[in-house]
Amino acid sequence: MSLIEVDNLTVTFRAKGRDVRAVDSVSLTVGARESYGLVGESGSGKSTILRAICGMAPVTGGTIRIGGEVLPTPRGRAFSTRVQMVFQDPYASLHPRHTIDRTLSEPLAIHGLPGRDTRVVQALTDVGLPPAFRFRYPHQLSGGQRQRVAIARALMLKPQILLLDEPTSALDASVQAEVLNLLNRLRAEQGLTFLMVSHDLAVIDHMCDRIMVLQHGRTVEEIARDDLANARMTTPYARSLFDASADRMLSTTPEPSR
Amino acid sequence: MSLLEVKNLRVTFDTETGPVQAVRGVSFSLGHERLGIVGESGSGKTMTGRAVLRLIRPPGRVDADVMTFDGQDLLNATEREMRALRGKRIGMVMQDPKYSLNPVMTVGRQLTEGLRLRDKLGRADATAKAIAALDAVQIRDPARVMEAYPHELSGGMGQRVMIAMMLIPEPDLLIADEPTSALDVTVQAEVLSILDGLVRDRGMGLIFISHDLRLVARFCDRVLVMHKGVVVEEVAAANLLEAKHPYTRGLLNCLPRIGGPRGPLPGLDRSGAWATEGAP
């Protein structure tokens, strides 16, 4: 049985008296410990799917099941212990006036969990930050360090599923590599399931087992990783994304390993 | 003949802990070509671009041995002379449309403002020209966008409006600071081909500032790689893969690749002497 089952999901926003269908009958399933990628341009509905799972978008059709159960609305506490989200912009997603300690211990306080001290230190160590960072504020950290804090916060309640919304697109290339490596290590260590959104096909390819290409809120194509690597896509749109991907230029010449 | 000549450019900020040099002795010359400047955040690439237009505000200071544009000395030009250059002869596309467009003016008014004041065009002519410019950057419904306020546009649309605005006066040199970072890959390709066309057809010079090494390599003729305010390497874009400097190589290698190996990505090794050399 799949861990995440999204069936015929439709999300409709009302803007200026006009209905905008941001997600139109999208279905997908993600198995436990799988890493699933959503790719598409802005406005393709990829982030909206993640937000709909979290109950932050107006779902007007279809069902979302986690572990076989239809999600209640509002989502409730049980949901946040299973599913957590990491957002794109680490400059905007951390409270500027809360210390890292407060940011990380808030989920514990809400859920009435004990062992706050050890858990915060453990969470920081897990994401490769020194424990002394507890007493810093977000503005005292670099972008990559902030994103590590955001990941640590998402993992505080030991969820099974991480929803990753462009987790590295605000970061420099070398920092992106570090954060992607961190995510992969945590997935292996903690047996996490990823549902990841990115506009960068190379990042998605590096991280995910299966990939869904979206356009205008609709599914264009679902591709397995091997098929992507060998350019076996069937739709012209998926191919155009593939061709426009920045790394095509360098992919013809294999890098000397050093 | 070179359009822009820069020798030993330095940008200094005086802080409580003493002067900090954001740009430390950058030299380059630019003809009618596409020059890429690449580096990570804090490498001084944006400061280099802004210094050319003397857009560094106090307490920042710009010094250079030589900085000339088309034979004109930029270092000793008066503010008035600089104003005549900015926009009209040297355009600049800034990074973030959210902060660079006026939030309380419609796009149409912002686009036509220069045409009406500088070029003394009538309302109808200015509007027609602005719509043509929006058309040129592939905005599908230019008449609607003209009426819109910046917050009603997506990031990609805002960025294209910025590019359209900078291209209206047909500058000789365009400094584009991360012009496509907010755009989708397919739109990115369109914007790049627009810029490319301008360089080719009108002989415009282009300084393309980006953190994306692969994009710059694909698009530019020459690439300057910057690290901590210093140009560590200059390569012809076609030979980027043969780049020698460990920093350039590190930047290239830490990027994931479609169909690449699944193991951990190599991090950037900052232990070399280059990383700490002359650091402030």
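Residues numbered from 1 in each chain as written. Chains lettered and ligands numbered in written order. Predicted model: local features only at pLDDT ≥ 70, side-chain atom pairs only at ≥ 80, totals over all residues. Heavy atoms only, no water.

Participant: For this particular structure, what's the right way to read the overall build of chain A?
Facilitator: Helix and strand counts for chain A come out as ten helices and ten strands. Relative to its length of 258 residues, chain A is compact, with a C-alpha radius of gyration of 19 Å against a globular reference of 18 Å. With respect to the principal axes defined by its C-alpha atoms, chain A has extents near 50 × 50 × 40 Å. Counting the 258 residues in chain A, one finds 54% classified as buried. For chain A, the exposed surface amounts to about 11300 Å²; the carbon and sulfur share of it is 50%. Counting 30 positive and 27 negative side-chain charges, chain A places the centres of these two groups 7 Å from one another. (Helix = DSSP H or I, 4+ residues; strand = E, 2+ residues; numbered from the N terminus. Rg over C-alpha atoms; globule rule 2.2 N^0.38 Å. Buried < 20%, exposed > 50% of the residue type's maximum accessible area, 1.4 Å probe, protein only. Areas by Shrake-Rupley, 256 points an atom, 1.4 Å probe, with all protein chains shown as cover. Lys, Arg positive; Asp, Glu negative; His and termini not counted. Charge placed at Lys NZ, Arg CZ, Asp CG, Glu CD.)

Participant: I would appreciate a short explanation of the pairing of strand S2 (residues 18-30) of chain A in the present structure.
Facilitator: The side chains of a regular strand alternate between the sheet's two faces. Where strand S1 (residues 4-15) of chain A and S2 of chain A come together, nine bridges link them in antiparallel fashion. Paired with Thr12 of chain A across the bridge in S2 of chain A is Arg21 of chain A. (Pairing = 2+ DSSP bridges.)

Participant: Looking at this structure, how should I read the sheet that holds strand S10 (residues 222-227) of chain B?
Facilitator: What holds strands together in a sheet is hydrogen bonding between their backbones, with the strands either parallel or antiparallel. Residue and element names in this part refer to chain B. Taken in spatial order, the six strands make up an open sheet running S7-S8-S9-S3-S10-S11, and their pairing is mixed. One side of each edge strand has no neighbouring strand; the edge strands of this open sheet are strand S7 (90-93) and strand S11 (230-236). Between one strand axis and the next, the sheet turns through 15° on average, direction left out of account. Pairing between S7 and strand S8 (residues 173-177): four bridges, direction parallel. What sits directly across from Gly91, in S8, is Leu174. Helix H1 (residues 45-52) rests against strand S3 (34-38), S7, S8, strand S9 (205-210) and S10 of the sheet, and its axis sits at about 150° to S9. (Axes fitted to C-alpha atoms, helices over the stretch in contact; angles between N-to-C directions. Contact = heavy atoms within 4.5 Å.)

Participant: Before we go on, may I ask you to explain the layout of surface pockets in this structure?
Facilitator: Rolled over the atoms, a probe sized like a water molecule indicates the empty space that remains. Residue and element names in this part refer to chain B. Considering only enclosed or pocket space, the second largest pocket measures out at about 800 Å³ in volume. Considering the residues around the second largest pocket, the lining is formed by 28 residues, among which Arg86, Gly87, Met92, Met94 and Met166 are closest to the centre. Those elements that provide at least two residues to the lining of the second largest pocket are S7, helix H4 (107-117) and helix H7 (155-167). (1 Å grid on protein atoms, 1.4 Å probe; cavity = no way out; pocket = protein on both sides within 12 Å on 5 of 7 lines; lining within 4 Å. Points joined across faces, edges and corners; volume = space filled by probe spheres on them.)

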